[in-house]
Protein chains: 2
Amino acid sequence: MFSLHPRLEADTIVLGDFPLCRCLLMNDAQYPWLILVPRHADLREVHELTEADQAQLLRESSWVSKRLCAQLDATKMNVANLGNVVAQLHWHIIARFEGDPAWPGPVWGKLPAVPYTDEELMETLHILKAALPSDGAVGLNWAV
Amino acid sequence: MFSLHPRLEADTIVLGDFPLCRCLLMNDAQYPWLILVPRHADLREVHELTEADQAQLLRESSWVSKRLCAQLDATKMNVANLGNVVAQLHWHIIARFEGDPAWPGPVWGKLPAVPYTDEELMETLHILKAALPSDGAVGLNWAV
């Protein structure tokens, strides 16, 4: 039975589901930062997924990455599985910009999160829904 | 024509080739840290690879990750494409240990690299060759 790690639950907003992964928005207004969590219980490493699920994870990741990069005109996309703190397998997709608060370093552990205001969150969801449409086969099945 | 970015050339030791990627060892004795570089010119983002090459990248990554994790009894594997500093598309695979110099944070930008001594490098290559054998279809074609 799949459930989100309490830390991911607390730090993110659920956007919806891909065929393999739940898609989350990190509640940190400093960076456009999405997280994919394969809906399997108790995996920690990407290499523990089946080869088919690994390919699907990257398909979903690249679908998000390509569209976010274009929509936001990002300088660089960062994609990663770290999981040193939260063990549940989760995959970061972060749009980075020259001059963002952590640039050019990684975002993790750099600065405390700055939660979205209600207004910022509504605007961000609006932008994300334009960038990541529900388009059937690959698209995100939005929950919000 | 594929060539390594000068910064990657300076900071790493070439281990060999997979079908898609050149496999490098970061010259930093603080972490077992490998880098895969798809042998394509001028790509920056994972999502710019063809879908087949994306799947192959993850196949090679997970082959390395699974074997390094088991051989070294790592606490966690970190896999990532950042590329904020070096634009050439490259993929990090790092074996992390509770108590390593950057734990539990990310390794990038944390501490200056500590180059291997000749003796440490020989020992590390010996361990890596045991963990990552040339085994035909998927294995690493060693150059050193």
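Given the structure is predicted, the values throughout are model-derived calculations rather than measurements.

Considering the packing of helix 2 (residues 51–72) of chain A against helix 2 (residues 51–72) of chain B
Point 1. The interhelical angle for the contact between helix 2 of chain A and helix 2 of chain B, taken along N-to-C directions, is 125°, at an axis separation of 9 Å. Between helix 2 of chain A and helix 2 of chain B, the angle falls in the class oblique. The chirality of how helix 2 of chain A crosses helix 2 of chain B is right-handed. In this structure, helix 2 of chain A contributes A:Glu51, A:Gln54, A:Ala55, A:Leu58, A:Arg59 and A:Ser62 to the contact, and helix 2 of chain B contributes B:Glu51, B:Gln54, B:Ala55, B:Leu58, B:Arg59 and B:Ser62.
Point 2. Each residue belonging to the contact of helix 2 of chain A with helix 2 of chain B can be placed in one class, and the counts come to 4 nonpolar, 4 polar and 4 charged.

Things to note about the environment of B:Glu60
Residue and element names in this part refer to chain B.
Point 1. By the element assignment, Glu60 lies in helix 2.
Point 2. Distance in space between the C-alpha atoms of Glu60 and Gly109 is 25 Å, their sequence separation being 49 residues.
Point 3. In this view, Glu60 contacts Phe18, Pro19, Leu20, Cys21 and Leu36; residues no more than four positions away in its chain are not counted.
Point 4. Side-chain polar atoms of Glu60 contact the side chain of Gln56, separated by 2.7 Å.

Topic: helix 2 of chain A
Point 1. Between its terminal C-alpha atoms helix 2 of chain A stretches 31 Å, which fits the 32 Å expected from 22 residues at 1.5 Å a residue.
Point 2. Positive phi appears at A:Asp73, one or two residues downstream of helix 2 of chain A, with a value of about 55°.

A word on empty space enclosed by the protein
Point 1. On inspection of all chains with the given rule, the structure shows 2 cavities of 30 Å³ or more.
Point 2. Taken as a whole, the largest cavity encloses approximately 40 Å³ of empty space.
Point 3. A:Ser61, A:Ser62, A:Ser65, A:Met77, A:Val79, B:Glu45, B:Val46, B:His47 and B:Asn81 together form the lining of the largest cavity.
Point 4. Counting residues per element, the ones that place at least two in the lining of the largest cavity are helix 2 and strand 4 (76–81) of chain A.
Point 5. Of the residues forming the lining of the largest cavity, the biggest block, 3 residues, is contributed by helix 2 of chain A.
Point 6. Taken as a whole, the second largest cavity holds about 30 Å³ of empty space.
Point 7. Of the residues belonging to the lining of the second largest cavity, the class tally is 3 nonpolar, 2 polar and no charged.

Topic: the interface of chain A and chain B
Point 1. On the chain B side, the residues contacting the 31 residues of chain A number 31 residues.
Point 2. Of the roughly 2,700 Å² buried where chain A meets chain B, counting both sides, 55% is carbon and sulfur surface.
Point 3. The largest per-residue losses of area from chain A upon contact with chain B belong to A:His47, A:Lys76 and A:Asn84, which jointly make up 25% of the total buried on that side.
Point 4. If you look at where chain A meets chain B, you find 4 salt bridges.
Point 5. When the shortest N-O distance is used, the salt bridge between A:Glu45 and B:Lys76 registers 2.9 Å.

Examining the environment of B:Leu89
Residue and element names in this part refer to chain B.
Point 1. Following the sequence through the fold, Leu89 ends up in the loop between strand 4 (76–81) and strand 5 (91–96).
Point 2. Looking at Leu89, the relative accessible area reads 5%, which means it is buried.
Point 3. Spatially, the C-alpha atoms of Leu89 and Leu49 are 9.7 Å apart, while their sequence positions differ by 40 residues.
Point 4. Not counting residues within four places of it along the chain, the set of residues in contact with Leu89 comprises Leu36, Val37, Pro38, Leu43, Arg44, Glu45, Val46, Leu49 and Asn81.

Conventions we followed
Sequence order as written defines residue numbering, which begins from 1 separately in each chain. As a convention, the first chain written is A and the first ligand written is 1, with the rest following in written order. It should be noted that, the model being predicted, local features are given only for residues of pLDDT at least 70 and side-chain atom pairs only at 80 or more, the latter also being counted only at that level, while totals for whole chains, interfaces and linings use all residues. Side-chain figures throughout are based on the complete set of non-hydrogen atoms in the structure, without hydrogens or water. Axis lines are fitted through C-alpha atoms, for helices just across the contact stretch, and the angle between N-to-C directions can take any value from 0 to 180 degrees. By the criteria applied, helices consist of DSSP H or I runs no shorter than four residues and strands consist of E runs no shorter than two, each listed in order from the N terminus. Should an angle lie under 35 degrees it is considered roughly parallel, over 145 roughly antiparallel, and from 65 to 115 roughly perpendicular; all remaining angles are considered oblique. A crossing counts as left-handed when the near helix is turned anticlockwise from the far one by less than a right angle, and as right-handed when that turn is clockwise. The contact rule is simple, with two residues in contact once any of their heavy atoms fall within 4.5 Å. Classes in brief: Ala, Val, Leu, Ile, Met, Phe, Trp, Tyr, Cys and Pro nonpolar; Asp, Glu, Lys and Arg charged; the others, Gly included, polar. Distance and chemistry together define a polar contact, namely a pair of N or O atoms within 3.5 Å, with one atom able to donate a hydrogen and the other to accept it when in protein, and with adjacent residues in sequence counting only for side-chain atoms on both sides. The span one expects for a helix is its residue count, reduced by one, times 1.5 Å. Here a cavity denotes grid points, spaced 1 Å and computed from the protein atoms alone, that fit a 1.4 Å probe unable to get out, and a pocket denotes an open set having protein on both sides within 12 Å along at least 5 of 7 lines; residues with an atom within 4 Å of a point are the lining. Grid points are joined across faces, edges and corners, and a volume is the space filled by probe spheres set on the points. A 1.4 Å probe defines the accessible area here, and the buried area is the portion of it lost by two parts on being joined, summed over both. By salt bridge we mean one thing: a side-chain nitrogen of Lys or Arg within 4 Å of a carboxyl oxygen of Asp or Glu. Under the scheme applied here, a residue whose accessible area is under 20% of the maximum for its type counts as buried, over 50% as exposed, and between as partly exposed, the area being computed with a 1.4 Å probe on protein chains only.

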